[in-house]
Amino acid sequence: MATFQLRGNRQWRAMIRRKGWPEQSRTFDSEADAERWARAVEEEMDRGIFVSRKEAESTTLEEALERYGKGGRRF
């Protein structure tokens, strides 16, 4: 089950902790957005199709281009 935490007076943090799955958390501008995201992630976990997007969401364009360049391709 997800838990929600008010951060300051304007942001909501959704946290999901489930046995057998990596811990997930994300911050939103509204409580409704946080709840919607948590429901979607928990539904994916229930169906066994959840894939963590943490690395993809935190990768910058520069990092992606560096990885692409290391593959032997030139720009």
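Parameters at a glance
Every chain's residues receive numbers from 1 upward, in the order its sequence appears when written. Only residues with pLDDT of at least 70 are given local features in this predicted model, and only at 80 or more are side-chain atom pairs given and counted; all residues enter the totals for whole chains, interfaces and linings. For the side-chain quantities, the full set of heavy atoms in the structure was used; hydrogens and water were omitted. Salt bridges are counted wherever a side-chain nitrogen of Lys or Arg sits within 4 Å of a carboxyl oxygen of Asp or Glu. Here a strand is any run of E in DSSP of at least two residues, a helix any run of H or I of at least four, and the numbering for each starts at the N terminus. Note on classification: 1.4 Å probe, protein chains only; a residue is buried when its accessible area is under 20% of the maximum for its type, exposed when over 50%, partly exposed between these limits. When DSSP finds at least two bridges between two strands, those strands are taken to pair. Only the stretch in contact is used when a helix axis is fitted, and all axes are lines through C-alpha atoms; the angle between N-to-C directions ranges over 0 to 180 degrees. Throughout, a contact is declared for two residues whenever any of their heavy atoms are within 4.5 Å. We define a polar contact as two N or O atoms separated by no more than 3.5 Å, with the added condition that, inside protein, one atom must be a possible hydrogen donor and the other a possible acceptor, whereas residues neighbouring each other in sequence contribute only through side-chain atom pairs. To estimate the expected span of a helix, count its residues, drop one, and scale the result by 1.5 Å. Along the arc lie the directions from the helix axis toward the C-beta atoms.

This structure, assessed with the given rule, holds 7 salt bridges. For Arg36, the salt bridge goes to Asp33, with nearest N and O atoms at 2.6 Å. Of this pair, Arg36 and Asp33 are both found in helix H1 (residues 31-47), 3 residues apart, which corresponds to roughly one turn of the helix. By relative accessible area, which is 48% here, Arg36 ends up partly exposed.

Overall, antiparallel pairing links the 3 strands, which are arranged E1-E2-E3 in an open sheet. Strands with a single pairing partner mark the edges of an open sheet, and in this sheet they are strand E1 (2-7) and strand E3 (24-28). Sheet twist, expressed as the mean angle between neighbouring strand axes with direction ignored, is 20°. For E1 and strand E2 (residues 11-16), the ladder comprises 6 bridges, and the chain directions are antiparallel. Counterpart to Phe4 in the pairing with E2 is Ala14.

Let's shift gears to the side chain of Glu44. Among the structural elements, Glu44 can be located in helix H1. Classification of Glu44 by relative accessible area gives buried; the value is 18%. The contact partners of Glu44, leaving out residues within four places of it in the chain, are Ile49, Phe50, Val51 and Arg53.

Inspection of the secondary structure puts Gln24 in strand E3. Polar side-chain contacts of Gln24 include one of 3.4 Å to the backbone oxygen of Pro22. In this structure Gln24 touches Ala14, Met15, Ile16, Trp37, Val41, Met45, Phe50 and Ser52, once residues within four positions along its chain are discounted.

Before going further, it helps to spend a moment on H1. The first and last C-alpha atoms of H1 sit 24 Å apart over 17 residues, in line with the 24 Å expected at 1.5 Å per residue. Here H1 has its buried residues at Ala34, Trp37, Ala38, Val41, Glu42, Glu44 and Met45. Projection of H1 onto a plane perpendicular to its axis shows the buried side chains occupying an angular sector of 155°, all on one side. Residues of H1 that are exposed and angled more than 90 degrees away from the buried face: Arg39, Asp46 and Arg47. Taken together, the buried residues of H1 touch E1, E2 and E3. In the stretch just after H1, Gly48 is the one whose phi turns positive, near 75°.

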